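Structural characterization, general
If you want the building blocks of each chain, they are given just below.
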Amino acid sequence: VHGIKRVMSRMNDCIKVWGWITNIALWCCLFIYFYIAKNPTSREKTQKYAYGAIVVIVIAYLITQFVAPTFRYLLTILNAADIYSYMQNIFYTRPTINMNIQCYHYETKVRTTTSSDGTRKTTTTRERVNTRRATEEFRYASWKDISGRFVLNTLGAMQNVEIPFVQLELALEVRFAPDGTAQVYDAERENFIRRNLTDAQHDYTREDRVDGLNTYLLARVSDYQPSCFGVLWYIAFTLLGFAEFYKSYVNSFCLEQQFEIAKLVSCNQDLNKAELQAQYAHTVPTISCNDNERVFDNPSMPPYEGPIPVGEPIIDERNPGEGKSEKSALLKQPGPLFLKTLYK
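Quantities reported herein were computed from a predicted structural model and do not represent experimental measurements.

In this section: the sheet that holds strand S8 (residues 216–220). In spatial order, the strands read S1-S8-S6-S9-S4; together these five strands make up an open sheet with mixed pairing. This sheet does not close on itself; its edge strands, each paired only once, are strand S1 (77–79) and strand S4 (142–145). Put simply, the sheet's adjacent strands are angled 30° from each other on average, direction ignored. When strand S6 (residues 165–176) meets strand S9 (residues 254–266), the two strands line up parallel, connected through 12 bridges.

Rendered as structure tokens:
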């Protein structure tokens, strides 16, 4: 968990540095543009290069700012109660593991160009050519959410009413149960590559996904509303060239929190059977709110294979008589036995 958080922190630091680089580069471009405009005697070739660089930097600046975490936080603002419902939904959503392959080869291309003075120039380049691409889902027998205890950090709002938001960053980690599942995955990966390898070289990637998981959520934890705060203000300051200053302004009203969504999958056993409950008791997803805790059992894949709708009442393990519903009762029923393996 701490390793994931360190990686997330370093990535955020890199994103911040790159954002400032593109912002400063934009200001330099504006200076160059006005300099060229005031000096029409500058060479035409120099102007072409300068304008080309300006276009590239402006595009890089806009892309950087509109994929930045701050912008994505502002797109998804939820109240604290909605955050807990959202986390409940994620706890009950099965993970998907996709195996991806991209086949390719390199081709050498020769180009001959003629300049305005008749000089011919030949250049040789080596270009990558992508060919076959394939995706296949890795199948497993059962899964279990092992995210553990989630508590929204509202301490800052209690200490300072002018910090009304928490920037909640979620990371996903799908782990293999220590029952031979990793070996099954390795065998399936090699078989998948062998079936789809149709070129000299290839890239293989694994994609772990949970439907509905949003990496960046902004949770409102108090009623205080800062002025000039929102997506439209972000867009306005970005177009004016002051995106990084506005990001600093937004961040001054927010606390940061990171949480890992952890899913365990198995090909060889039912992770939700009674004999294994004690082994994973300390990792069962729990939501703590206002000194109350709600403990969520993990649904087995059969008979239920989808997320619980947001707001669906769930059985509270400490008060079994509260919050019962037909669906939550259904989730309590043990599913059928799993086959020891799904693979030949």
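Additional details are given in the paragraphs that follow.
With that settled, the discussion passes to the pattern of salt bridges. Following the criterion strictly, the structure yields 13 salt bridges and no others. Glutamate 127 serves as the salt-bridge partner of arginine 111, at 3.0 Å between the closest nitrogen and oxygen. Taken together, the residues span a long stretch of sequence, with arginine 111 in strand S2 (residues 95–114) and glutamate 127 in strand S3 (residues 120–137) at a distance of 16 residues. Looking at arginine 111, the relative accessible area reads 40%, which means it is partly exposed.

Moving on, we come to the packing of helix H7 (residues 231–239) against helix H8 (residues 243–251). Where H7 meets H8, the closest approach of the two axes is 7 Å, and the angle between their N-to-C directions is 150°. The pairing of H7 with H8 is recorded here as roughly antiparallel in orientation. Touching Trp233, Tyr234, Phe237 and Thr238 of H7 are Ala243, Tyr246 and Lys247, all from H8.

In a regular helix each residue adds 1.5 Å, so 16 residues correspond to 22 Å; helix H6 (residues 181–196) covers 22 Å between its end C-alpha atoms and thus fits that length. Every buried residue of H6 is accounted for by Thr181, Val184, Tyr185, Glu188, Phe192, Ile193 and Asn196. Looking down the long axis of H6, one finds its buried residues gathered within 165° of arc, a one-sided arrangement. What points out from H6, more than 90 degrees from its buried face, is the exposed set Gln183 and Arg194. Looking at the buried side of H6, the elements it contacts are S2, S3, S6, strand S7 (201–210) and S9.

Cut-off values and rules
- Residues numbered from 1 in each chain as written.
- Predicted model: local features only at pLDDT ≥ 70, side-chain atom pairs only at ≥ 80, totals over all residues.
- Heavy atoms only, no water.
- Pairing = 2+ DSSP bridges.
- Helix = DSSP H or I, 4+ residues; strand = E, 2+ residues; numbered from the N terminus.
- Axes fitted to C-alpha atoms, helices over the stretch in contact; angles between N-to-C directions.
- Salt bridge = Lys/Arg side-chain N within 4 Å of Asp/Glu carboxyl O.
- Buried < 20%, exposed > 50% of the residue type's maximum accessible area, 1.4 Å probe, protein only.
- Parallel < 35°, antiparallel > 145°, perpendicular 65-115°, else oblique.
- Contact = heavy atoms within 4.5 Å.
- Expected span 1.5 Å × (residues − 1).
- Arc of directions from axis to C-beta.

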